[in-house]
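Architecture and fold: a report
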Amino acid sequence: MPPWSTNSDILKKMNNTSILKEAFLRGTKILDELNIPYILCGGTLLGLYREGQLLGHDGDVDVDVLFENVGYPEEFLKKLESKVSPQQGKVTYRPNYFTITYEDIAENEVKFDIFVLFKSKDTRYRHFPSDTDGGIYLTWSNSHYQNQEEIEFEGKKYKIPGDTEGWLVTFFGEDWKVPKPVWNWIQDSKNKKTYEEFISEIHK
């Protein structure tokens, strides 16, 4: 089973936004200090846009970074590691995403995920490789990233995809306004594609 297919139970059934907020503020501060532009995404974006707060039942914080802004993963990994002490937690890299795992915020570890977005023509995509096939691709229109917007949280403005509702529809579906305490991106994301489907899309 590929490592990215494991569904974490972090913070499962807990409704504690303060824990996520601490991870959010720590992780975004690191990226700010490294001068790495980032865009809120996933459940983090959904919570702030739909409810004005982080989702208490979410298990992690999600941000995207553009490939051209981070360069080689080995170098970016070292930069992240320099910002996280062993007492706080650890930083790991799996193909095309980085994770800061905070172990000192709560009884259960809390993760800050940084996904790398690649570009092909007018498409931005994440790629999660697999040893058995071409892996999984998640795709969005590049227009969301060319025309970014902002959202305010804790007195600070953060970048979010342009046409935010269109981005949310692409990922979560037309019913993104309906809360879903149980949601798994591998099973439920609406823009998931196989390698063959991805190649077909970018060559339209």
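Model, not experiment: these values are computed from the prediction.

1. Regarding the pattern of salt bridges
A complete count under the given rule lists 11 salt bridges for this structure. One salt bridge in this structure joins E33 and K83, with 3.3 Å as the shortest N-O distance. Here E33 is found in helix α1 (residues 17-33), whereas its partner K83 is found in the loop between α4 (73-81) and β3 (89-94), with 50 residues between them in sequence. Accessibility expressed as a relative area gives 41% for E33, which makes it partly exposed. By relative accessible area, which is 32% here, K83 ends up partly exposed. K180 is the salt-bridge partner of D175, the closest N and O atoms lying 3.1 Å from each other. For D175, a relative accessible area of 35% gives the class partly exposed.

2. A short note on the environment of I100
Following the sequence through the fold, I100 ends up in strand β4 (residues 97-102). Counting along the chain gives 20 residues from I100 to L80, while the straight-line C-alpha distance between them is 8.1 Å. Dropping the residues within four chain positions of it, I100 is found in contact with I30, L80, V84, K90, V91, V110, K111, F112 and I114.

3. Quick word on the side chain of R50
Residue placement: R50 occurs in helix α2 (residues 42-51). In terms of polar contacts, R50 uses its side chain to reach the backbone carbonyl oxygen of W176, at 2.8 Å. If we ignore the near neighbours within four places in the chain, the residues touching R50 are L55, W176, K177, V178 and P179.

4. Brief notes about the nonpolar core
Counting 58 residues, the largest nonpolar core has L31, L40, F76, L80, I100, I114 and W167 as the members making the most contacts within it. If sequence neighbours within four positions are ignored, F76 has contacts with L31, L34, I36, V70, F98 and I114.

5. Focus: the packing of aromatic side chains
For any pair of aromatic rings, geometry is given as the distance between the ring centres together with the angle between the planes. On inspection of all chains with the given rule, the structure shows 21 aromatic pairs. Ring geometry for Y49 against W176: centres 5.9 Å apart, planes inclined by 50°, an arrangement best described as tilted. Of this pair, Y49 sits in helix α2 while W176 is found in the loop between α6 (164-172) and α7 (185-188), placing the two residues 127 residues apart along the sequence. Ring centres of Y125 and F198 lie 4.6 Å apart, and the angle between their planes is 55°; this geometry places the pair in the tilted category. Pair noted here: Y125 is in strand β6 (residues 123-128) and F198 is in helix α8 (residues 195-202), with a separation of 73 residues, a long-range link.

6. Overview of the environment of D64
Tracing the sequence through the fold places D64 in strand β2 (residues 60-66). Look at D64 and you get buried, because its relative accessible area is 0%. C-alpha of D64 to C-alpha of F128: the two residues are 64 residues apart in sequence and 14 Å apart in space. What D64 contacts, discounting residues up to four positions off in sequence, is P37, Y38, I39, C41, F115, L117, R126, Y145 and W167. Looking at D64, its side chain comes within polar contact range of the side chain of R126, at 3.1 Å.

7. Details of the packing of α2 against α6
Across the interface, α2 lies against α6 with an axial gap of 11 Å and an inter-helix angle of 130°. As judged from the angle between their axes, α2 and α6 are oblique. Handedness of the crossing formed by α2 with α6: left-handed. Only T164, E165, W167, L168, F171 and F172 of α6 make contact with α2, whose side of the interface consists of G42, G43, L45, L46 and Y49.

What counts, and where the lines are drawn
Sequence positions are assigned chain by chain, starting from 1 and proceeding in written order. In keeping with the model being predicted, local features are shown solely for residues with a pLDDT of at least 70 and side-chain atom pairs are shown and tallied solely at 80 or more, while totals for entire chains, interfaces and linings include all residues. With hydrogens and water set aside, each side-chain value is computed from the structure's full complement of heavy atoms. A pair is scored as a salt bridge if a Lys or Arg side-chain nitrogen falls within 4 Å of a carboxyl oxygen belonging to Asp or Glu. Secondary structure elements follow DSSP: runs of H or I no shorter than four residues count as helices, runs of E no shorter than two count as strands, and numbering proceeds from the N terminus. Buried residues are those whose accessible area, probed at 1.4 Å on protein chains only, stays under 20% of the maximum for their type, while exposed residues exceed 50% and partly exposed ones sit between those limits. Contact between two residues is taken to exist if any of their heavy atoms lie within 4.5 Å; hydrogens are not considered. Counting of polar contacts relies on pairs of N or O atoms within 3.5 Å, with two restrictions inside protein: one atom must be capable of donating a hydrogen and the other of accepting it, and residues adjacent in sequence are counted only when both atoms are side-chain atoms. Each nonpolar core is a collection of buried residues, namely Ala, Val, Leu, Ile, Met, Phe, Trp, Tyr and Cys, held together in the definition by side-chain atoms within 4.5 Å. The pairing test for Phe, Tyr and Trp rings, Trp by its six-membered ring, is centres within 6.5 Å, and the orientation test on the planes gives stacked under 30 degrees, edge-to-face over 60, and tilted for anything in between. Think of each axis as a best-fit line through the C-alpha atoms, taken over the contacting stretch in the case of a helix, with angles from 0 to 180 degrees between the N-to-C directions. Reported orientations rely on four angle classes, namely roughly parallel under 35 degrees, roughly antiparallel over 145, roughly perpendicular from 65 to 115, and oblique for the rest. The handedness criterion is simple: a crossing whose near helix is rotated anticlockwise from the far helix by less than a right angle is left-handed, and one whose near helix is rotated clockwise is right-handed.

As far as function goes, none of this settles anything; it's purely spatial.
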